[in-house]
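# Summary of structural features
These are the residues of each chain, in order.
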Amino acid sequence: MSHPIASEPRVFLVGAGPGNPGLLTVRAAELLARADLVVYDQLVPPRLLDYANPAAELVCVRDLPGHHPDKYPHIHRRLIEAGKAGKVVVRLKGGDPLVFGRGGEEAEALRAAGVGYEIVPGVTAALAAGAFLEVPLTHRQSASAVALVTGHELPNKAGNKLDWQALAAFPGTLCIYMGVARLPVIVAELLKHGKNPDTPAAVVERASTGDQRSVSARLADLDEARRQAGLEAPGLIIVGEPVGRRPARSWWESRPLFGRRVLVTRPAHQAAEMVRKLEHLGAVVSRLPTVEVREPADSGPLDRVLGEVRDGKWDWLVFTSANGVQAVVRRLDALGRDLRDLGAVKLAAIGPKTAAALREYHLRADVVPDSTYSSEGLAEALGPHVAGSRVLLARANRGRELLRDELAKVATVEQVTAYDQVDAIDPDAGVLDKLRRGEVEFVTLSSSNIARGLIGAFDETIRGRVERGEVKLVAISPETGRAARELGYPVAAEATEFTADGLIVAVVKLVRGSS
Ligand code: SAH
């Protein structure tokens, strides 16, 4: 049959990798960002869908192997119809699409229907397990081959049963997918066919994520060890001499926040970088956007002062957040103006992130505090520069008055609302249930408003957990810590550098201190 690739591919069979978002390929991320429709397997962690075009339709198929075989034609139909309708369709599958992923069957169906497609490989579970457990799947001394094996061979697949005798004699590492539920049978088959009962073996669950859990034992004891460790399907079984070379804790399991559960409360558009850094340290991250940033309900005052800045009526323009910088530049743009309107006005930023937001527009802050990134720090840094001048503070619709009050002692000061902050907690958010069940250990509070908004959504169960120290509040600054304490909640730690990075460091220090 001819290949319908003359036309541009419409359906993309994409490997999502084993769960760690860093292991998504560049191509997968590109395609997700362009997708109109994403059809994903249940095993694909929802976190990876962050990379999808926000306008894309997301459809989960309960694509568990062996269950409801009649639904595959249904998936094929969906892909074909959407592809023919001209949509960019990403069929996202855990690991690699062609390794126990039925990607081959889907490609055949697309080919038969004349729909163009592309296949994007992904990091398959065996390779992820090798790297994240530090098991060299091949080894010059003891493993010259690797076998990817299904532990869930369809019992009625005539003439196609696994050859356990050959597998027992295989001169290398066996990576057995979908086998955890049948582990006793698998071990028995291997032993029956002469595999050495002392062969090192392991079971790993959610390899490559902060939730990775694993156990090793000699083959004969593997199921007992798995049960004691409480590991369940889905997981990967690895059998072979190289498993014996595994360190007690792999490089990944030694990351400072490995397995720790952290909540990020920053607004959705600012959370991504912090989430990624925490994940990279091994954390399991939940998100609960607590405030959202919007255009001011009334842009009149901002428009007026921007006109005055253009006319040279202000000496200083002061930003207390990256949001403020973005709001001002966006507003200029919406007014059909541009950065030249800022002319000779001097610029101040409360901290490095705000200064970096200015740099994005090739603007350099004239003043940034040296080390205290707070209203106090900025007032102190700015005081000597602004005596007798006219100072404009671009800020949120709510916040502290300290900066204005301090600067007003020496300068003419006006505050203008550049953006609105609104409380945005979804009271039904599953994350609140996680807090109730004690499934989050660290709650990062990245501003006083966030602290107040979040704590406002706590109930007695969560309060109890915070009071007992099971849930720890970590504040970005003493000011934010105070906001939590004023509401009657203990604060476990405060950052010493008042930035998102400083907040992460505070969590790491808490973990180090307690271990
Ligand atoms: N296409 C996937 C495999 C799908 S079959 C791939 O290439 O990885 C589903 C099986 O994959 C699970 O039962 C489990 O055995 C294995 N698996 C997938 N991701 C895993 C992970 N992160 N850790 C351990 N096993 C995993």
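Computed from a prediction, not measured in an experiment: that's the story for all the values here.

## Things to note about the packing of aromatic side chains
Applying the stated criterion across every chain yields a total of 6 aromatic pairs. Taking the centre distance of 5.0 Å and the plane angle of 45 degrees together, the rings of Phe132 and Trp251 count as tilted. Remark: Trp251 occurs in the loop between strand S10 (236–239) and strand S11 (261–264) and Phe132 occurs in helix H4 (residues 125–133); sequence separation between them is 119 residues. With relative accessibility at 6%, the residue Phe132 sits in the buried group.

## Considering the domain arrangement of the chain
Size of an interface, as often reported, equals the accessible area lost when the parts are brought together. Partitioning the chain into domains gives domain 1 (11–122), domain 2 (126–245), domain 3 (261–290 + 425–514) and domain 4 (294–423). Contacts between the two partners involve 11 residues from domain 3, matched on the other side by 11 residues from domain 4. Buried area between domain 3 and domain 4, both sides added, is near 960 Å², and the carbon and sulfur share of it is 45%. If you sort the residues of domain 3 by the area they bury against domain 4, Asn449, Glu479 and Phe498 come out on top, with a joint share of 45%.

## Here's the deal with the packing of helix H9 (residues 300–310) against helix H10 (residues 322–334)
Between H9 and H10, the least distance of the axes is 11 Å, while the angle of their chain directions is 85 degrees. Classified by the angle their axes make, H9 and H10 are roughly perpendicular. Judged by residue contacts, Leu302, Asp303 and Leu306 of H9 engage Val328, Arg331 and Leu332 from H10. The residue inventory of the contact of H9 with H10, partitioned by class, reads 4 nonpolar, no polar and 2 charged.

## Some remarks on the site of the ligand
Lining the immediate surroundings of the ligand are 17 residues, of which Asp96, Val99, Thr124, Ala207 and Gly235 lie closest. A distance of 2.9 Å separates an oxygen atom of the ligand from a polar atom in the backbone of Ala125. In the complex, the protein chains occlude 90% of the 540 Å² of accessible area that the ligand would expose alone. Taken together, the residues that form the shell around the ligand break down as 11 nonpolar, 4 polar and 2 charged. Of the residues that make up the shell around the ligand, three or more belong to each of domain 1 (11–122) and domain 2 (126–245).

Here is what the cut-offs are and how they apply
- Going along each chain's sequence as written, the residues are numbered from 1 onward.
- With pLDDT at 70 or above as the cut-off, local features in this predicted model cover only qualifying residues; side-chain atom pairs require 80 or more to be listed or tallied, and sums for whole chains, interfaces and linings still use all residues.
- The basis for every side-chain value is the complete set of non-hydrogen atoms in the structure, without hydrogens or water.
- Classification of ring pairs uses Phe, Tyr and Trp, with its six-membered ring standing for Trp, and accepts pairs whose centres are within 6.5 Å; under 30 degrees between planes counts as stacked, over 60 as edge-to-face, and the remaining range as tilted.
- Strands here mean DSSP runs of E at least two residues long; helices mean DSSP runs of H or I at least four residues long; both are numbered from the N terminus.
- Relative accessibility thresholds used throughout: buried, under 20% of the residue-type maximum; exposed, over 50%; partly exposed, between the two (1.4 Å probe, protein chains only).
- Note that the domain bounds reflect an automated or database-derived domain assignment.
- Two residues form a contact once any of their heavy atoms are found within 4.5 Å.
- Buried surface area refers to the total accessible area, computed with a probe of radius 1.4 Å, that the two partners give up upon joining, counted for both partners together.
- To get an axis, fit a line to the C-alpha atoms, keeping to the stretch in contact for a helix; angles then go from 0 to 180 degrees between the N-to-C directions.
- Orientation is classified from the angle alone, with under 35 degrees giving roughly parallel, over 145 giving roughly antiparallel, 65 to 115 giving roughly perpendicular, and any other angle giving oblique.
- Polarity classes work like this: nonpolar for Ala, Val, Leu, Ile, Met, Phe, Trp, Tyr, Cys and Pro, charged for Asp, Glu, Lys and Arg, and polar for all others, with Gly in that last group.
- Near residues are defined by distance, with any heavy atom within 4 Å of the molecule or strand qualifying the residue.
- Any pair of nitrogen or oxygen atoms within 3.5 Å is treated as a polar contact; in protein, a donor-acceptor pairing is required on top of that, and neighbouring residues in sequence qualify only through side-chain atoms on both sides.
- Here the open area of atoms and residues is found with the Shrake-Rupley method and a 1.4 Å probe, where only the protein chains shown may cover a residue.

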